[in-house]
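Listed here are the chains, written in short residue letters.
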Number of protein chains: 2
Amino acid sequence: MQRRNTIQRQLVLSAVRRLACHASAEQIYEEVLKEHPNISKTTVYMNLELLAEMGEINRVETATGPALFDHITKKHYHIRCKVCSRYFDMDMDVIEGLEKKINDRQGFDIEGYDIIFSGICPACKAAMNKKSPKPHKP
Amino acid sequence: MQRRNTIQRQLVLSAVRRLACHASAEQIYEEVLKEHPNISKTTVYMNLELLAEMGEINRVETATGPALFDHITKKHYHIRCKVCSRYFDMDMDVIEGLEKKINDRQGFDIEGYDIIFSGICPACKAAMNKKSPKPHKP
DNA sequence: TTCCTTATTTGTAATTATTACTAATAAGGA
DNA sequence: TCCTTATTAGTAATAATTACAAATAAGGAA
């Protein structure tokens with residue numbers, strides 16, 4: 001299936017790069033709207049999907065809340081704050097040779113993996129220490 | 001907050017154990033219905049949440065589709081099939097000392113992590129090799 | 001350049017999964 | 001037995017995404 005270079009796809013890609021964070025489809029949609037006021041939300045979803053598949057952007061696997069998209073395509077891990085539910089990049093080297101630890105004898109074709117840490121972010125920790133738990137909300 | 005031992009909570013727990021698989025709240029609800037025909041879906045959701053928090057069951061972090069619940073509470077990893085979207089247990093030893101690899105200087109309190117592999121399951125692979133892609137659907 | 005195929009877009013409706021809310025119920029201690 | 005309040009049931013609302021169909025437009029062919 002040939003791929004066409006549409007203005008919408010370009011705008012979605014540059015919005016993800018401009019936001020330079022873990023952005024949801026909704027946020028990216030809002031961002032693109034500024035330049036292209038009648039883009040459809042469906043188009044944004046569709047292009048995020050395609051761009052991730054093409055390797056132009058990175059989809060962050062989120063267990064709760066909306067899927068997040070990331071301009072950094074270099075492999076890295078994430079941590080989710082249990083209090084505010086935000087996702088952060090993890091400061092950690094990529095584990096080399098993880099696939100060698102797999103004993104699988106069932107015959108899976110393994111293509112990749114993600115590691116998601118969970119914990120409490122510095123901001124929420126500080127808020128909790130003040131004994132007035134006011135976690136930072138997204 | 002004191003915890004009460006309700007029949008509904010017992011039934012949800014035993015349903016998760018009986019199903020002995022990665023079951024969704026919906027599936028667990030259906031299972032409990034057989035014994036307790038007027039349990040509310042809200043109750044099932046609420047108890048799955050509580051039981052996971054209590055460590056009686058395990059919540060599998062899923063990026064797509066419904067949350068899944070697992071009777072196995074021993075730490076283990078999962079793999080998601082990109083074709084049929086099902087989750088499987090990964091045959092692999094738990095990585096020791098993963099937290100030592102973390103360089104974090106921002107001050108996260110890290111409580112745990114999950115690894116989710118992605119790939120193609122044996123059933124889908126076989127279906128694709130027959131040149132008639134009929135992936136097993138959940 | 002014009003035409004043609006079909007990938008893509010739009011906009012709306014539907015769906016899926018979960019949570020919010022409230023009144024009724026019942027667990028378990030006093 | 002009574003009382004407090006955790007829990008339940010049932011319904012409505014929400015959030016995130018997908019399905020669908022008709023209109024549009026990218027880019028290769030003529």
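See the structure printed just above.
An account of the accompanying structure is given in this report. (Residues numbered from 1 in each chain as written. Chains lettered and ligands numbered in written order. Predicted model: local features only at pLDDT ≥ 70, side-chain atom pairs only at ≥ 80, totals over all residues. Heavy atoms only, no water.)

A separate point is the overall build of chain A. Assigned secondary structure in chain A consists of four helices and six strands. Along the chain direction, N to C, the helices and strands of chain A fall in the order α-β-α-α-β-β-β-β-β-α. In terms of overall dimensions, chain A has a C-alpha envelope of 50 × 50 × 25 Å along the principal axes. Taken across its 138 residues, chain A has 39% of its residues classed as buried. Look at the contacts in chain A between residues 6 or more apart in sequence, and 52% of them connect residues 24 or more apart. Counting only carbon and sulfur atoms, one obtains 51% of the accessible surface of chain A, whose full area is about 8,100 Å². (Helix = DSSP H or I, 4+ residues; strand = E, 2+ residues; numbered from the N terminus. Buried < 20%, exposed > 50% of the residue type's maximum accessible area, 1.4 Å probe, protein only. Contact = heavy atoms within 4.5 Å. Areas by Shrake-Rupley, 256 points an atom, 1.4 Å probe, with all protein chains shown as cover.)

Turning to the interface of chain B and chain A, a few remarks are in order. Note: interface size is frequently given as the accessible area lost on complex formation between the parts. Taken together, the contact pairs 36 residues of chain B with 36 residues of chain A. Remark: the boundary between chain B and chain A carries four salt bridges. E111 of chain B is paired through a salt bridge with K82 of chain A; the nearest N and O atoms lie 2.7 Å apart. For the side of chain B that touches chain A, the secondary-structure elements that each account for two or more residues are strand 5 (87-89), strand 6 (109-120) and helix 4 (122-129) of chain B. Residue composition of the side of chain B that touches chain A, by class: 17 nonpolar, seven polar and twelve charged. (Salt bridge = Lys/Arg side-chain N within 4 Å of Asp/Glu carboxyl O. Nonpolar A, V, L, I, M, F, W, Y, C, P; charged D, E, K, R; others polar.)

With that settled, the discussion passes to the sheet that holds strand 1 (residues 23-24) of chain B. All names here are of chain B. The antiparallel open sheet is built from three strands, whose spatial order is 1-3-2. A single partner strand is all that each edge strand has here, and the edge strands are strand 1 and strand 2 (58-60). With three bridges connecting them, strand 2 and strand 3 (residues 68-70) associate as antiparallel partners. Across the sheet, V60 pairs through a bridge with L68, a residue of strand 3. (Pairing = 2+ DSSP bridges.)

Residues and elements named next belong to chain B. Between its first and last C-alpha atoms helix 3 (residues 41-54) spans 20 Å; for 14 residues at 1.5 Å apiece the expected length is 20 Å, and the two agree. Restricting attention to buried positions, one finds in helix 3 the residues V44, N47, L48, L50 and L51. Buried residues in helix 3 make contact with helix 1 (7-19), helix 2 (25-33) and strand 3. One side-chain oxygen of the residue at the start of helix 3 lies 3.2 Å from the amide nitrogen of T42, identifying that residue as S40. G55 lies just past helix 3 and shows a positive phi near 85 degrees. (Expected span 1.5 Å × (residues − 1). Polar contact = N/O pair within 3.5 Å; in protein donor to acceptor, adjacent residues only side chain to side chain.)

Okay, the pattern of salt bridges next. All told, the structure shown has 18 salt bridges over all chains when counted by the stated rule. The salt bridge partner of E49 of chain A is R59 of chain A, with a shortest N-O separation of 2.8 Å. One end of the pair, E49 of chain A, is in helix 3 (residues 41-54); the other, R59 of chain A, is in strand 2 (residues 58-60), with ten residues separating them in the sequence. Residue R59 of chain A is classed as partly exposed on the basis of its relative accessible area of 27%. In this structure, D109 of chain A and K125 of chain B form a salt bridge, with 3.1 Å as the shortest nitrogen-oxygen distance. One end of the pair, D109 of chain A, is in strand 6 (residues 109-120); the other, K125 of chain B, is in helix 4, on a second chain. For D109 of chain A, a relative accessible area of 33% translates into the label partly exposed.

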